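Tertiary structure, described
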Amino acid sequence: MTESKKKIIGIGEYIVDKNPAILVTLGLGSCVAVCLRDKRNLIGGLVHVMLPESRSSKKDEKIGKYADTGIKAIIDGIVDLGGNVKYLEAKIAGGAAMFKNSNNSLNVGAKNVEAVRQILKENDIKIIAEDTGGNRARSVEFNISNGELKVKKVGGGEKVEITVI
Amino acid sequence: MSIYDEINEQKLDALKELGNIGAGNAATAISTMLNKKIDITVPSAEIIPLSELWEEFTDPEEITAGSMVEIGGELHGAILFLLGTEETKNILELLMLPRPEDLTQIDEMTSSAIGEIGNIMCSSYISALSNFTGLNIHSLPPKITVDMLTAIVSESSLMVTEGSDFVILIRTEINIEEYEGNVKGFLIYLSDEQNILKLLKTLGMGTNND
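Quick look at the structure, then.

Scoring rules and cut-offs
- Residues numbered from 1 in each chain as written.
- Chains lettered and ligands numbered in written order.
- Predicted model: local features only at pLDDT ≥ 70, side-chain atom pairs only at ≥ 80, totals over all residues.
- Heavy atoms only, no water.
- Helix = DSSP H or I, 4+ residues; strand = E, 2+ residues; numbered from the N terminus.
- Rg over C-alpha atoms; globule rule 2.2 N^0.38 Å.
- Buried < 20%, exposed > 50% of the residue type's maximum accessible area, 1.4 Å probe, protein only.
- Pairing = 2+ DSSP bridges.
- Axes fitted to C-alpha atoms, helices over the stretch in contact; angles between N-to-C directions.
- Contact = heavy atoms within 4.5 Å.
- Buried area = accessible area lost by both parts, 1.4 Å probe.
- Salt bridge = Lys/Arg side-chain N within 4 Å of Asp/Glu carboxyl O.
- Polar contact = N/O pair within 3.5 Å; in protein donor to acceptor, adjacent residues only side chain to side chain.

Along chain B, the regular secondary structure elements total six helices and eight strands. Rg of the C-alpha trace for chain B: 17 Å, near the compact-globule value of 17 Å for 210 residues, within the 12% margin. By its C-alpha atoms, chain B is 55 × 35 × 30 Å across when sized along the principal axes. In chain B, which comprises 210 residues, the proportion classed as buried is 57%.

Next comes the structure, spelled out in structure tokens:
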């Protein structure tokens, strides 16, 4: 049995792929990982969202940075690979406020989660699982084959805990 | 012109020098505080796309204590002081503070102590920069976290660059002489492109000076 190769993306990037594939991204603080999967055709995508919305003034190539353009990019990508939007389900993780003593009136994390929810709602895509908010950073691994989202987070006892949602 | 043209090798060398001055000052401050010998390595100065930050670490999920001190005034950026869990506990012990069992579940006092150590290092760094460049800059109160290494550096970089694609990192390794070998930590100066160019300009390395 061949092991799916893990494909890692960084901040502000996105990727789409067919089964078998495990899509990975690390270091989600205030950022949000949006994982979409066509559960019928087993095609999926992952985007590491940094900010709630793209600023129209700047011509930005890194569309994965923003919730609006990033989610659109993976929906389009999944369709290009033969997927169907009506079978799409979402899982999201991230949006934490990492630093203590933070004068976090901005709270980008919460804004990112809100923006992601809004865009998914506008696209009629249901969020079937999520691990968001809190004070801890996350790393995620999204399995296109079975739709499992592995979330790694520091727990008590100075260990990284793995939760599967 | 790409960022790599604006900030060439020569300018990166100048930034390494600045890193040396800043880290040197920070090391002296903490050395006095701990009454221990401190060594710093030659700094590295790099332009890193935010999307590639995760590749910088051999163990991206290593649990690390991070103190971030932001720079305010004529320049914006941040200094990050990173220390592993064992090392952090050892330093707290050196400071005659109770050694915490679990850094991921610390109380206010321990969190403040970690913040203070970071504050001393980072403020000394900023102070040296201010003196050297003549820029009116000051440090803001420290922000503390104990979490996965990549996340700390990524999140700090995001705060400093506010959405742009590159972060400039000037990185120094700190070695603190300690009873069981060396306590190893990292001091990282984080900046966006705009502020680095401003900094370089004060050193007489503006864009016209090539």
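Moving on, there is more to tell.
Time to look at the sheet that holds strand β3 (residues 22-28) of chain A. Residues and elements named next belong to chain A. One open sheet holds the five strands; their spatial order is β1-β3-β8-β9-β10, and the pairing between them is mixed. Because the sheet does not close on itself, it has two edges, and the strands there are β1 (6-9) and β10 (160-164). The average undirected angle you get between the axes of adjacent strands in this sheet is 20 degrees. Across five bridges, the pairing between strand β8 (residues 138-143) and strand β9 (residues 149-154) is antiparallel.

Taken residue by residue, the interface counts 35 residues in chain A and 34 residues in chain B. Approximately 2800 Å² of surface area, both sides summed, lies buried where chain A meets chain B, with 59% of it carried by carbon and sulfur atoms. For the interface between chain A and chain B, the tally reads three salt bridges. Lys89(B) serves as the salt-bridge partner of Glu158(A), at 3.0 Å between the closest nitrogen and oxygen.

In this fold, Ser139(A) is placed in strand β8. Within the local environment of Ser139(A), its side chain forms a polar contact with the backbone nitrogen of Gly27(A), the two atoms lying 3.4 Å apart. Not counting the four nearest positions on each side in its chain, Ser139(A) is found in contact with Thr25(A), Leu26(A), Gly27(A), Lys150(A), Val151(A), Lys152(A), Glu61(B) and Met148(B).

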